[in-house]
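Here is how the chains run, residue by residue.
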Amino acid sequence: MTRGKLLYLETFGCQMNVSDSEKILTLLKGVGYKPTQDPSQADLVILNTCSVRAKAEEKVYNHLVQYKGLKRKKPGLILGVGGCVAQQEGVRLLANVPHLDIVFGTHNLHLLPEMVRAAEEGERLAEVAFIDNETRLDLFPVDDRTDGVSRFVTVMQGCDNFCTYCIVPYVRGREISRRSADVLDEISGMVEKGVMEVTLLGQNVNSYGAKAAGEMNFVSLLREVSKIRGIERIRFTTSHPKDFSRPLIDCFAEIPQLCGHIHLPAQSGSNAVLSAMNRGYTREEYLGSIALLRAACPGIQITGDIIVGFPGETEDDFRATLSLMEEVRYADVFSFIYSKRPETKAAGFTDEVGKDEKQERLDRLIVLQRRITLEINKGFVGTVQKVLIEGESRRGGQLFGRTSGNRIVNITADASLVGSMVDVVITRGYQNSLQGELVEE
Ligand code: SAH
Ligand code: SF4
Ligand code: F3S
């Protein structure tokens, strides 16, 4: 009996890439590849890459070096690179990495089965052409998995915002919304297979439908999703503060399944920096949206992204960011040191913030955020939270799930509860999670 062909797939970067990796698995299953966790067993290795910061890109080259040895031992091994670094570098990657066989861009997943077949015949090839019309999202397979209770559903791809630091518009292309009928069909299919929670996914979901004639907007899409029978929880990510409209804020009061959590990246608390970043809102407007959100959904958990050391960021600008964080009281913040990216507008700005200063600012920011996160987590002690149990925790004998506000909770309970929504009383608040106990009926 043949063991079939094995695929080792490594995913870097954001949820968009995680979601694309699921599609890659489905596509390659169709041509006989089964996933393996062991690269030394693989017939095909694919790296799905991220280039949002220089470090993410360097990681890809480091990993590629490691596969050189493996390929020497196993000359038939096919090595492919997809995702945002592949899109950025294109055919140059094939020239620079002689042991690489396949390069496929962010719009070309559907070509992968063909490309793998050609590589099996010894070809080396790159496909990175953008497909800038709505047929692009029809080319990717829908999610056909039958396990799990929580799923991401792509509703749009690409980005038209051109924040001056960001490479995403260049590697993901123009913003395109998927047809609402297709989104709703996919979610209905998932719910029939037992899914209870969906997260609508896109670089900027708030502008869903804006460019498509006759398409519904994001608020209408949310309302339609909430009408699907059996859907218990709805989330969405990522939102852009400039498109965070009043009707969208009202959804948090009006749609019962919409979870009490929002990821709303501010990037900076200084108006001068926000303007240089081309973010399209002020600190005051951002804080105004947060106040309305808290009024619409008391207890809502807010998370965000912050960049420190943007070109020209002064100590006062940075302090404005810290004070914004104190005012918002984020449950969590993903914080990054500014990284200069090719093609972006900010790459041409004078980078006045020194390396040590950037690091020192990041350290201060992290200390502040850890304090706020711990205070928030401890504040949950004694409350009862609805928790969707997702699986067994890494801590032995425990299960884990998330609250509506997206806080991770560990509980000691029987594994039969995986996939159910339970009431949990919070007993401890830690830095990265909550500990709880099942409320007995
Ligand atoms: N579409 C999402 C995610 C973009 S990438 C959004 O708009 O929020 C995720 C985060 O990476 C960004 O929010 C930003 O904080 C960070 N980021 C993007 N480009 C960066 C750069 N050049 N240097 C440092 N951080 C960056
Ligand atoms: Fe990048 Fe800005 Fe688009 Fe987000 S909104 S992906 S930060 S350009
Ligand atoms: Fe990275 Fe591409 Fe996502 S650059 S953050 S994987 S869209």
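Within any chain, residue numbers begin from 1 and follow the written order of that chain's sequence. Here the convention is simple: chains get letters from A, ligands get numbers from 1, in the order in which they are written. In keeping with the model being predicted, local features are shown solely for residues with a pLDDT of at least 70 and side-chain atom pairs are shown and tallied solely at 80 or more, while totals for entire chains, interfaces and linings include all residues. In computing side-chain values, all of the structure's heavy atoms are included and hydrogens and water are not.

A short note on the site of ligand 3
Alright, step 1. When we say a residue is near a molecule or strand, we mean one of its heavy atoms is within 4 Å of it. Taken together, Cys 14, Asn 17, Cys 50, Ser 51, Val 52, Cys 84, Arg 172 and Gln 203 make up all the residues around ligand 3.
Alright, step 2. For the shell around ligand 3, the per-class residue count stands at 4 nonpolar, 3 polar and 1 charged. Residues are grouped as follows: Ala, Val, Leu, Ile, Met, Phe, Trp, Tyr, Cys and Pro are nonpolar; Asp, Glu, Lys and Arg are charged; all remaining types, including Gly, are polar.

Structural notes on the sheet that holds strand β14 (residues 332-337)
Alright, step 1. In this scheme, strands are said to pair when DSSP sees at least two bridges between them. A run of DSSP states H or I qualifies as a helix once it reaches four residues; a run of E qualifies as a strand once it reaches two. Both are numbered from the N-terminal end. What the 3 strands build is an open sheet, ordered β12-β13-β14; its pairing is parallel. Strands with a single pairing partner mark the edges of an open sheet, and in this sheet they are β12 (261-263) and β14. Neighbour-to-neighbour, the strand axes of the sheet open up by a mean angle of 10°, direction not taken into account.
Alright, step 2. As judged from the 6 bridges shared by strand β13 (residues 301-308) and β14, these two strands associate in the parallel manner. From the neighbouring strand, Thr 303 faces β14, where its bridge partner is Asp 332. Every axis corresponds to a line fitted to the C-alpha atoms, with the helix fit spanning only the stretch in contact, and the corresponding angles, defined between N-to-C directions, vary from 0 to 180 degrees.

Considering the pairing of strand β18 (residues 421-429)
One face of the sheet, then the other: side chains in a regular strand alternate in exactly this way.
Alright, step 1. Of the strand pairs in this sheet, strand β15 (residues 384-392) and β18 are connected by 5 bridges, and their pairing is antiparallel. Looking at the pairing, Leu 388 lines up with Met 421 of β18.
Alright, step 2. Between β18 and the antiparallel strand that follows it, strand β19 (residues 434-438), lie 4 residues.

Some remarks on helix α12 (residues 315-328)
Alright, step 1. Expected span, for any helix, means 1.5 Å times one less than how many residues it has. Between the first and last C-alpha of α12 there are 20 Å, a value that for 14 residues agrees with the 20 Å anticipated at 1.5 Å per step.
Alright, step 2. Working definition: with a 1.4 Å probe on protein chains only, accessible area under 20% of the residue-type maximum means buried, over 50% means exposed, and in between means partly exposed. Along α12, the positions that sit buried rather than exposed are Asp 317, Phe 318, Ala 320, Thr 321, Leu 322, Leu 324, Met 325 and Val 328.
Alright, step 3. Among the residues trailing α12, Arg 329 stands out with phi positive, at a value near 55°.

Here we look at empty space enclosed by the protein
Alright, step 1. The pocket and cavity definitions rest on a 1 Å grid over protein atoms only: a 1.4 Å probe that fits but cannot leave marks a cavity, an open set with protein on both sides within 12 Å along at least five of seven lines marks a pocket, and residues lining either have an atom within 4 Å of a point. Grid points are joined across faces, edges and corners, and a volume is the space filled by probe spheres set on the points. Inspection of every chain in the model, using the stated rule, returns 1 cavity of 30 Å³ or more.
Alright, step 2. By volume, the largest cavity amounts to about 30 Å³.
Alright, step 3. As for the largest cavity, its lining consists of Ile 234, Arg 235, Phe 236, Phe 252, Leu 258, Cys 259, His 261 and Ile 262.
Alright, step 4. Of all the secondary structure elements, the ones that give two or more residues to the lining of the largest cavity are β11 (233-237) and β12.
Alright, step 5. Residue contributions to the lining of the largest cavity peak at 3 residues, all from β11.
Alright, step 6. The residue makeup of the lining of the largest cavity, split by class, is 6 nonpolar, 1 polar and 1 charged.

A short note on unusual backbone geometry
Alright, step 1. Following Thr 237, the chain continues into Thr 238 via a peptide bond in cis, with omega recorded as 0°.
Alright, step 2. Inspection of the secondary structure puts Thr 238 in the loop between β11 and α9 (246-254).
Alright, step 3. The backbone of Glu 343 sits at a positive phi, close to 75°, despite the residue not being glycine.
Alright, step 4. Within the fold, Glu 343 resides in the loop between β14 and α13 (355-379).

Digging into the site of ligand 1
Alright, step 1. Near ligand 1 there are 14 residues, and of these Tyr 165, Gln 203, Gln 267, Asp 305 and Ser 339 occur at the shortest range.
Alright, step 2. Taking Asp 305, its side chain carries an N or O atom lying 2.6 Å from an oxygen atom of ligand 1.
Alright, step 3. Computed with the Shrake-Rupley method and a 1.4 Å probe, the accessible areas treat only the protein chains shown as cover for residues. Protein chains shield 89% of the accessible area of ligand 1, which is 540 Å² for the free molecule.
Alright, step 4. The residue makeup of the shell around ligand 1, split by class, is 7 nonpolar, 4 polar and 3 charged. For the purposes of these results, a polar contact is taken to be a pair of N or O atoms within 3.5 Å, where, inside protein, one atom must be able to donate a hydrogen and its partner to accept one; residues adjacent in sequence count only when each atom of the pair is a side-chain atom.

A closer look at the nonpolar core
Alright, step 1. Only buried residues count toward a nonpolar core. Its members are Ala, Val, Leu, Ile, Met, Phe, Trp, Tyr and Cys residues joined through side-chain atoms within 4.5 Å. One finds Ile 187, Leu 200, Leu 222 and Phe 236 to be the most contacted residues of the largest nonpolar core, which totals 67 residues.
Alright, step 2. Each domain's extent was defined by an automatic or database domain assignment. A domain-level breakdown of this core finds at least three residues from each of domain 2 (135-259) and domain 3 (384-438).
Alright, step 3. For Leu 200, the residues in contact, after removing those within four places along its chain, are Val 153, Val 155, Ile 187, Val 205, Phe 218, Leu 221, Leu 222, Val 225, Arg 235, Phe 236 and Thr 237.
Alright, step 4. Listed in part, the 21 residues of the second largest apolar core include Leu 47, Val 60, Tyr 67 and Val 97. Contacts are residue-level and defined by heavy atoms, with any inter-residue pair within 4.5 Å sufficient.

What to know about the packing of aromatic side chains
Alright, step 1. For Phe, Tyr and Trp, rings pair up if their centres lie within 6.5 Å, where Trp contributes its six-membered ring, and each pair is then called stacked (planes under 30 degrees apart), edge-to-face (over 60) or tilted (otherwise). Per the counting criterion, the structure on display carries 7 aromatic pairs.
Alright, step 2. Ring geometry for Tyr 165 versus Phe 310: centroids 6.4 Å apart, planes at 85°, classification edge-to-face. Residue Tyr 165 is located in the loop between β8 (156-157) and α6 (168-172), and its partner Phe 310 is located in the loop between β13 and α12; the two are separated by 145 residues in the primary sequence. Side by side, Tyr 165 and Phe 310 carry an identical accessibility label, which is buried.
Alright, step 3. Chaining the aromatic ring pairs together yields one cluster made of Tyr 165, Phe 310, Tyr 338 and Phe 349.
Alright, step 4. Whether a charge sits over a ring comes down to the Lys NZ or Arg CZ being within 6 Å of the ring centre and within 35 degrees of the ring normal. Its end group placed over the ring of Phe 336, Arg 53 keeps NZ or CZ at 3.7 Å from the ring centre.

With respect to the sheet that holds β19
Alright, step 1. Sheet architecture is closed into a barrel: 5 strands sit in the order β15-β16-β17-β19-β18, paired in mixed fashion. The average undirected angle you get between the axes of adjacent strands in this sheet is 50°.
Alright, step 2. Of the pairings in the sheet, the one linking β15 to strand β16 (residues 399-402) comprises 4 bridges and is antiparallel in character. Considered in β16, the bridge of Leu 388 is made with Arg 402.

Observations regarding the domain arrangement of the protein
Alright, step 1. With domains assigned, the protein is organised as domain 1 (5-127), domain 2 (135-259) and domain 3 (384-438).
Alright, step 2. Computed from C-alpha atoms alone, the centre-to-centre distance between domain 1 and domain 2 is 27 Å.
Alright, step 3. In total, domain 1 and domain 2 occlude about 1,800 Å² of area from one another, counting both sides; carbon and sulfur atoms represent 61% of this.
Alright, step 4. Its largest share of buried area at the contact with domain 2, domain 1 owes to Gln 15, Met 16 and His 107, together 33% of the area lost on that side.
Alright, step 5. Should a side-chain nitrogen of Lys or Arg be within 4 Å of a carboxyl oxygen of Asp or Glu, the pair is scored as a salt bridge. Inspection of the domain 1/domain 2 interface yields 1 salt bridge.
Alright, step 6. Applying the counting criterion to the domain 1 and domain 2 interface returns 6 residue pairs in polar contact (both at pLDDT 80 or more). In this description, buried area is defined as the sum, over both parts, of the accessible area (probe of 1.4 Å) that is lost when the two are combined.

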